[in-house]
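Structural overview
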Amino acid sequence: MMKKLFTYKTLITPIVIAHFSLTLNAQTSMPRLDIKNKSVQLIVDDKPFIVLGGELGNSSASDMKYMEPHWDKFTSMHLNTIITPVYWELMEPTEGKFDFTLVDNMINTAQQHQLKLVLLWFGSWKNSMSCYAPAWAKTNTQRFPRAINDAGRKVEILSAFSQNNLEADCKAFTALMKHLKQTDKQHTVIMVQVENEIGMLQAARERTRVADSLFNSNVPTELMNYLIAKKDSLVPELKQHWSATNFTTTGTWENVFGKSLITDEIFQAYYYAKYTNKVAEAGKKEYALPMYVNAALNHRNVKPGEYPSAGPLPQVMDIWQAAAPAIDILSPDFYNPRFKWYCDLYTRRNNPLFIPEIGRDASNAAKVFYAIGHYHGFGFSPFSIESVTQPTEEPVGKSYEVIAQLAPEIAKHTGSNSMDGVLLDSTNQEQELIFGDYKLTAKHDYTLGWSPGAKQPNWPHSGAIIIEEGPGEFIVAGTGIVITFQLTNNAAQSAGILQADEGIYKNGQWIPGRRMNGDQDHQGRHIRIAVGDWGIQKVKLYKY
Ligand code: DGJ
């Protein structure tokens, strides 16, 4: 259908085209998450969609004029999605009176730039705090109570144990979702984040009277039953903590989990999750877009209460999954160098990998290949994307250009063993991958010692997605890697490169460019995409 539109483009006026494309898009079904084998795909406009995203700085979307100069940059960086806040205080400045001007403007402008949106609901909590609660809620702590810290003081965090807080948040979020359903007929908004980096501070759990009384009551049966049923597959951190009471299944939180700050965090996580679930449920009742929550990852050796505790963190994943079934994904925000470590943790318990925030850094260009290739993740999004000053030079943008071309191939191989990824740097210089009869050894380009940069102590990250199209046929896409090939099960034979082509995918069709022989494949010894280059190569192997 879309192809036809382009054929007739010259014959009909732009207004007719706009109308036509609106009608066509309006026929697509709403965004959803589909399970494919062991993985999850985000389906947008009836096709698998990878969020090649960027998240806006917190205040940028509060002023459309401020945003104006930035939109063209997003296209230059090959983004397909902007992740943008919706501010409760500006959306409901007077209780019960909603103003959707900012949301509507964002949607319209995104459409003009062929971008999709993920909305961040800055509601009850933003980075633990409740700074986005409207003034009418902030100033009435009697009606909208605050959490209380270990010192017995109110903090600027709405209590998760207050029905009034919950109802106010639910009303506003419901209004937002209802508005989207009525107005966003083109499905520009593809997903919604509920709250932002929820987490208790200055105490591992709230110290309000209601919270204390619940803490001293029995662990709710629904949670207990869930944990008993899933006991064998719980994350090891939780299982180990519970094992200290010999897996006690009745009594108060301290009876079941023992007296510890970890128990306090588990308790608070349950009630944060229940609250957030109610908000998500209320929104989904109006308009059931996929919904996720994000977490501020804690540093090592810090006690609960000293980091934003009880959010959707790895150690309490089970608690969140038990108490918040309306939340589809638990997501890590990366301002933490331990990328593989946390991706491994967040892909447990069938949780798909979606990275809504990662600090802006050149290493993102490699990390995005690994997130998609190895974890079969479906989204990546550096924070404060509008701050990029040289969009055409932005490394992650170059990776996005490659991934956008490869998207249909990625979709085919998501959830199967025929797709993997590599992520390399000066400390992890090499990685092996097995595909059927073939062992691929991927090394950092600088291991060749051919580039002057190889002498620097810290090498730039390099990464790739590798797809096995058929026996001995591979697609290699990435930056800064060298790959050699061996056979896994036949010592008498070797694997050789029959042919290697670089090329591009245009609308899913492979268009070969140079035949990469001679110096380009080191006379048949390896496949190489140098540091500073980004590309796709197709390789056919043979046995000799
Ligand atoms: C993580 C938060 O989720 C963002 O909204 C923003 O505050 C960044 N941290 C700032 O680094």
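Values in this document were obtained by computation on a predicted structure and should not be read as measured data.

**Describing the site of the ligand**
Lining the immediate surroundings of the ligand are Asn-58, Lys-126, Asn-127, Asn-196, Glu-197, Asp-333, Tyr-335, Glu-357 and Phe-383. Between an oxygen atom of the ligand and a side-chain N or O atom of Asn-196, the distance comes to 2.8 Å. With respect to the ligand, the side chain of Glu-357 contributes an N or O atom lying 2.6 Å from an oxygen atom. Starting from 290 Å² of accessible surface for the ligand in isolation, the protein chains cover 77%. Among the residues making up the shell around the ligand, the classes are represented as two nonpolar, three polar and four charged.

**Thoughts on the environment of Lys-65**
With respect to the element layout, Lys-65 can be found in helix 3 (residues 64-67). With 304 residues separating them in the primary sequence, Lys-65 and Phe-369 have C-alpha atoms 34 Å apart.

**Observations regarding the sheet that holds strand 2 (residues 39-44)**
With antiparallel pairing, three strands are arranged side by side in an open sheet as 1-2-3. Edge positions in the open sheet fall to strand 1 (32-36) and strand 3 (47-49), since each of these has one partner strand only. Sheet twist, expressed as the average angle between the axes of neighbouring strands with direction ignored, equals 55 degrees.

**Notes on unusual backbone geometry**
Of note in this structure, Gln-114 is not a glycine but carries a positive phi near 50 degrees. Looking at where Gln-114 falls in the secondary structure, it is placed in the loop between helix 6 (101-112) and strand 6 (116-126). Positive phi is not limited to glycine here, since Ser-128 has a value of about 75 degrees. With respect to the helices and strands, the residue Ser-128 is situated in the loop between strand 6 and helix 7 (135-138).

**Quick look at the sheet that holds strand 19 (residues 481-487)**
Read across the sheet, four strands follow the order 15-16-19-22 without closing on themselves; strand pairing throughout is antiparallel. The open sheet has two free edges, formed respectively by strand 15 (430-435) and strand 22 (527-529), since each of these has just one partner strand. When strand polarity is set aside, the average angle formed by the axes of neighbouring strands in this sheet is 20 degrees. Both strand 19 and strand 22 contribute to a ladder of three bridges, which runs antiparallel. In the strand pairing of strand 22, Ile-483 is matched with Ile-527.

**Examining the pattern of salt bridges**
Counting across every chain of the model gives 21 salt bridges. Taking the shortest distance from any N to any O, the salt bridge between Asp-318 and Arg-349 comes out at 2.3 Å. Highlighted residues: Asp-318 in helix 14 (residues 317-323) and Arg-349 in the loop between helix 15 (339-346) and strand 12 (354-358), separated in sequence by 31 residues. Residues Asp-318 and Arg-349 agree in their burial class; the two are buried. A salt bridge links Glu-393 to Lys-398; the shortest N-O distance between them is 3.8 Å. Through salt bridges with shared partners, one network takes in Asp-150, Arg-205, Arg-207, Asp-212 and Asp-264.

Conventions and cut-offs
Residues numbered from 1 in each chain as written. Predicted model: local features only at pLDDT ≥ 70, side-chain atom pairs only at ≥ 80, totals over all residues. Heavy atoms only, no water. Near = heavy atom within 4 Å. Polar contact = N/O pair within 3.5 Å; in protein donor to acceptor, adjacent residues only side chain to side chain. Areas by Shrake-Rupley, 256 points an atom, 1.4 Å probe, with all protein chains shown as cover. Nonpolar A, V, L, I, M, F, W, Y, C, P; charged D, E, K, R; others polar. Helix = DSSP H or I, 4+ residues; strand = E, 2+ residues; numbered from the N terminus. Pairing = 2+ DSSP bridges. Axes fitted to C-alpha atoms, helices over the stretch in contact; angles between N-to-C directions. Salt bridge = Lys/Arg side-chain N within 4 Å of Asp/Glu carboxyl O. Buried < 20%, exposed > 50% of the residue type's maximum accessible area, 1.4 Å probe, protein only.

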